[in-house]
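Take a look at the letters that make up each chain.
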Amino acid sequence: DGGITQSPKYLFRKEGQNVTLSCEQNLNHDAMYWYRQDPGQGLRLIYYSQIVNDFQKGDIAEGYSVSREKKESFPLTVTSAQKNPTAFYLCASSTFTGTGSLSGNQPQHFGDGTRLSIL
Amino acid sequence: GDSVTQMEGPVTLSEEAFLTINCTYTATGYPSLFWYVQYPGEGLQLLLKATKADDKGSNKGFEATYRKETTSFHLEKGSVQVSDSAVYFCALSDTNTGFQKLVFGTGTRLLVSP
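Being a predicted model, the structure only gives us computed values, none of them experimental. (Residues numbered from 1 in each chain as written. Chains lettered and ligands numbered in written order. Predicted model: local features only at pLDDT ≥ 70, side-chain atom pairs only at ≥ 80, totals over all residues. Heavy atoms only, no water.)

Asks: I keep staring at the sheet that holds strand 3 (residues 19-21) of chain B and nothing clicks. Help me out?
Replies: Hydrogen bonds between backbone groups are what pair the strands of a sheet, and the pairing can be parallel or antiparallel. Residues and elements named next belong to chain B. Taken in spatial order, the 4 strands line up as 3-9-8-7 in an open sheet, and their pairing is antiparallel. The open sheet has two free edges, formed respectively by strand 3 and strand 7 (56-59), since each of these has just one partner strand. In this sheet, adjacent strand axes meet at a mean angle of 15° when their direction is disregarded. For strand 8 (residues 62-65) and strand 9 (residues 75-77), the ladder comprises 3 bridges, and the chain directions are antiparallel. Bridge pairing in strand 9 places Glu 63 opposite Glu 76. (Pairing = 2+ DSSP bridges. Helix = DSSP H or I, 4+ residues; strand = E, 2+ residues; numbered from the N terminus. Axes fitted to C-alpha atoms, helices over the stretch in contact; angles between N-to-C directions.)

In structure tokens:
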């Protein structure tokens, strides 16, 4: 079955440590996204990528980095510069139909998330 | 910028009760509208969508109608089940930035008791 796989499900970070969250999709989607979810809040966009080897900052990119070397993979690194990393991280993907009104019609498909905590 | 406002939860209902979760939005242009559902410890699943005014999205007994005149997309279900207990997110697709950016509401928790 096609879908999005995030790993690990739970992750713990020590002070000063960088950690990397994995996101893999086999839906043949061009666009991929990373969101952060805090209790009682909606999702906030960290980074997104529309094609391989290209990515853009979202609303809360500080303290995070990404890469997009393959279409299927979009790993997120939470760096030591992110002072409040405890959250639920969600990866998503969608087809990309270019810009304009049509690009908004395609729903995003989500993985099951990674919960990151501080030791 | 674009925004989505949802009613605060939790919404507590008995099984077979009627459900309404209010959602209003502010947007320039003509966004697509979505409802996503999140079960405990899981990611979000698309529940339904509507892409233009007066469209009705429906799935699993849930419905929502895109009302441009009232900028609303309220979620309804005629008879809820215990298994519907989850957090529901309303979202719009902002295409003004040149890509599909989803703007989410804060979510509404639904608790259904037997």
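Asks: In this structure, what is going on with the environment of Val82(B)? I would like to understand it.
Replies: Residues and elements named next belong to chain B. Relative to the helices and strands, Val 82 is located in the loop between strand 9 and strand 10 (86-94). Measuring from C-alpha to C-alpha, the distance between Val 82 and Lys 101 comes to 32 Å, with 19 residues separating the pair along the chain. Each residue touching Val 82, except ones within four places of it in the same chain, is listed here: Glu 15, Val 112, Ser 113 and Pro 114. (Contact = heavy atoms within 4.5 Å.)

Asks: Help me understand the state of the cysteines, please; the structure alone is not making it clear to me.
Replies: Formally, a disulfide is one covalent bond, and it connects the sulfur atom of one cysteine to the sulfur atom of another. A complete count under the given rule lists 2 disulfides over all chains for this structure. Covalently, Cys23(A) is tied to Cys91(A) through a disulfide, its sulfur atoms 1.9 Å apart. Since a negative S-S torsion denotes a left-handed disulfide, the Cys23(A)-Cys91(A) link at about -75° is left-handed. Taken as a pair, Cys23(A) in strand 3 (residues 19-25) and Cys91(A) in strand 9 (residues 87-94) lie far apart in primary sequence, 68 residues in all. For the pair Cys23(A) and Cys91(A), a shared accessibility class is recorded, and that class is buried. Here Cys23(B) connects covalently by a disulfide to Cys90(B), the sulfurs 2.0 Å from one another. Its torsion about the S-S bond being -70°, the disulfide of Cys23(B) and Cys90(B) is classed as left-handed. Taken together, the positions of Cys23(B) in strand 4 (residues 23-26) and Cys90(B) in strand 10 put the pair 67 residues apart, joining distant regions of the chain. Like Cys23(B), the residue Cys90(B) is buried in the burial classification. (Disulfide = S-S within 2.5 Å. Buried < 20%, exposed > 50% of the residue type's maximum accessible area, 1.4 Å probe, protein only.)

Asks: Just checking my understanding: could you explain unusual backbone geometry for this structure?
Replies: The omega torsion of the bond from Ser7(A) to Pro8(A) falls at -5°, within 30 degrees of zero and hence cis. Assignment of secondary structure puts Pro8(A) in the loop between strand 1 (4-7) and strand 2 (10-13). The residue after Gly9(B), namely Pro10(B), is reached through a cis peptide bond having omega 0°. Relative to the helices and strands, Pro10(B) is located in the loop between strand 1 (3-6) and strand 2 (11-14). At Asn53(A), a position not held by glycine, the phi torsion is positive, near 65°. The class for Asn53(A) is exposed, based on a relative accessible area of 62%. We note that Glu16(B) has phi near 80°; this positive angle belongs to a residue other than glycine. Relative to the assigned elements, Glu16(B) resides in the loop between strand 2 and strand 3.

Asks: Whenever I open this one, the pattern of salt bridges confuses me. Can you help?
Replies: Close approach of charged atoms allows side chains with opposite charge to pair. Residues and elements named next belong to chain A. Considering all chains together, one arrives at 6 salt bridges over all chains under this definition. Asp 30 is the salt-bridge partner of Lys 71, the closest N and O atoms lying 3.5 Å from each other. On the criterion of sequence distance, the pair formed by Lys 71 in the loop between strand 7 (64-66) and strand 8 (76-78) and Asp 30 in the loop between strand 3 and strand 4 (31-37) is long-range, its members being 41 residues apart. The class for Asp 30 is partly exposed, based on a relative accessible area of 29%. (Salt bridge = Lys/Arg side-chain N within 4 Å of Asp/Glu carboxyl O.)

Asks: I would appreciate a short explanation of the packing of aromatic side chains in the present structure.
Replies: Each pair of aromatic rings is reported with the distance of its centres and the angle of its planes. This model, assessed by the stated rule, comprises 12 aromatic pairs over all chains. Here the aromatic rings of Tyr47(A) and Phe55(A) are separated by 6.0 Å at their centres, their planes lie at 75°, and the arrangement is edge-to-face. Arranged with centres 6.3 Å apart and planes meeting at 75°, the rings of Phe110(A) and Phe104(B) form a pair that is edge-to-face. With Phe110(A) in strand 10 (residues 109-110) and Phe104(B) in strand 11 (residues 101-104), this residue pair bridges two chains. Overall, the relative accessible area of 9% leaves Phe104(B) in the buried class. One aromatic cluster is present, formed by Tyr33(A), Tyr35(A), Phe110(A), Phe34(B), Tyr36(B), Phe89(B) and Phe104(B) through successive ring pairs. Taking the ring centre of Phe74(A) as reference, the NZ or CZ of Arg68(A) above it sits at 6.0 Å. (Phe/Tyr/Trp six-rings, centres within 6.5 Å; stacked < 30°, edge-to-face > 60°. Lys NZ or Arg CZ within 6 Å of the ring centre and 35° of its normal.)

By themselves, these are just geometric observations and shouldn't be taken as functional.
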